[in-house]
Each structure stands twice: as C-alpha cells, then as structure tokens.
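Survey of secondary and tertiary structure
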Amino acid sequence: EEWLVVEAVSLEQAGAAKLAARLVVQEGAANTAELVLEKARTNIGRVVDVYRDAGLYRRNDLAFAGETDINRSVSREHAHIQHDRVSGEYRLFNDRWYPRGGECGTWIVRDGMSQEVHRNARGTKLECGDEIHFGKAVVVFEE
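The following refers to the structure shown. Since the structure is predicted, the reported quantities are computational estimates derived from the model, not experimental observations.

So, about the pairing of strand β3 (residues 41–45). Of all five residues in β3, four are buried, a share of seventy percent or more. Direction of pairing for β3 relative to strand β7 (residues 79–83): antiparallel, over a ladder of four bridges. Looking across to β7, one finds that Thr42 is bridged to Ile81. Strand direction decides the pairing type here: β3 and strand β6 (residues 62–63), joined by two bridges, are parallel. Residue Ile44 lies in a different strand from β6, and its bridge partner there is Leu62.

As structure tokens, this is what we get:
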C-alpha cells in the first residue's frame, strides 16, 4: 500500500523559466558594464578580491576598482544580491559598515522615490527598473 507519492516538476516544466536578471552600470567605472546575475549570491564592492588577516575573505562579482571620485564612494564590501530560485526574487543586502547616525551609502530609486537599504537580515526586494546606488556609483536592475 502506497502512503506517500512524490512527483517532481522542474521550474522549466512549470513554466517559471526565464532569463537571469542583470545589473547595468550607469555611473562609475566597474570591471564590467553589464553583469548577468546567474549565481545565488552576487557580491558588489570597490575591489575584486577582499583580504582580511586570514587571507582572501570575499570576491566581488561587480567591482568599482578604478581610482575615481565615484568609485572611491563604494566600500570594499558594499552590498550583495541574493537570488531565491524558488520564488524568483532578487533581494539587495547592505554589507557596508557605517557609524550610527551616518549615511547608509546604499539606496534604491523606484518610481521617483528614494529608499535607503539598511543592514538587516531580510534585505530589500528588487524590482525591474530599480536604480541602485552604491555611494555615488549607480546600476540599474533589469529582469
């Protein structure tokens, strides 16, 4: 007698397949003008490789490494984007440390309104067309 039946359906079969989202650089000199978000986590910062005392700590996929005023406003470990493959959501997380009462340095402009992205465990859900500011650097989120 069968008491448990499991049927697996891939996201493609369920009709949820779509192209990956991307970030398009608008302001700042990054290591790429456009980055396709193919990984579960995409790191953003001022340098490609971030080292701490114990060695390589993190690698940024989108790096604003050039020595310009815009790029200098981006922290080494500024932010990351997490992709939930089940829900299809992309969430932006602020990784930048800043003093209490200081500016967070990460915000989104959506429908003409600015929204700060503070450090928290939930992040901020991204929507197509969001203009993301990392300091003075600007990218647009596209799906």
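With that settled, consider the sheet that holds strand β1 (residues 22–27). As summarised here, the arrangement of the six strands in space is β2-β1-β13-β12-β9-β10, forming an open sheet in which the pairing is antiparallel. Looking at strand neighbours, the two that pair on one side only are β2 (34–36) and β10 (113–116), the edges of this open sheet. This sheet shows a mean twist of 25° between the axes of neighbouring strands, independent of strand direction. By the bridge criterion, four bridges tie strand β9 (residues 106–110) to strand β12 (residues 131–134) in an arrangement that is antiparallel. Note that in β12 the partner of Val109 across the bridge is Glu131.

Each value, and the rule that gives it
Residues numbered from 1 in each chain as written. Predicted model: local features only at pLDDT ≥ 70, side-chain atom pairs only at ≥ 80, totals over all residues. Heavy atoms only, no water. Buried < 20%, exposed > 50% of the residue type's maximum accessible area, 1.4 Å probe, protein only. Helix = DSSP H or I, 4+ residues; strand = E, 2+ residues; numbered from the N terminus. Pairing = 2+ DSSP bridges. Axes fitted to C-alpha atoms, helices over the stretch in contact; angles between N-to-C directions.

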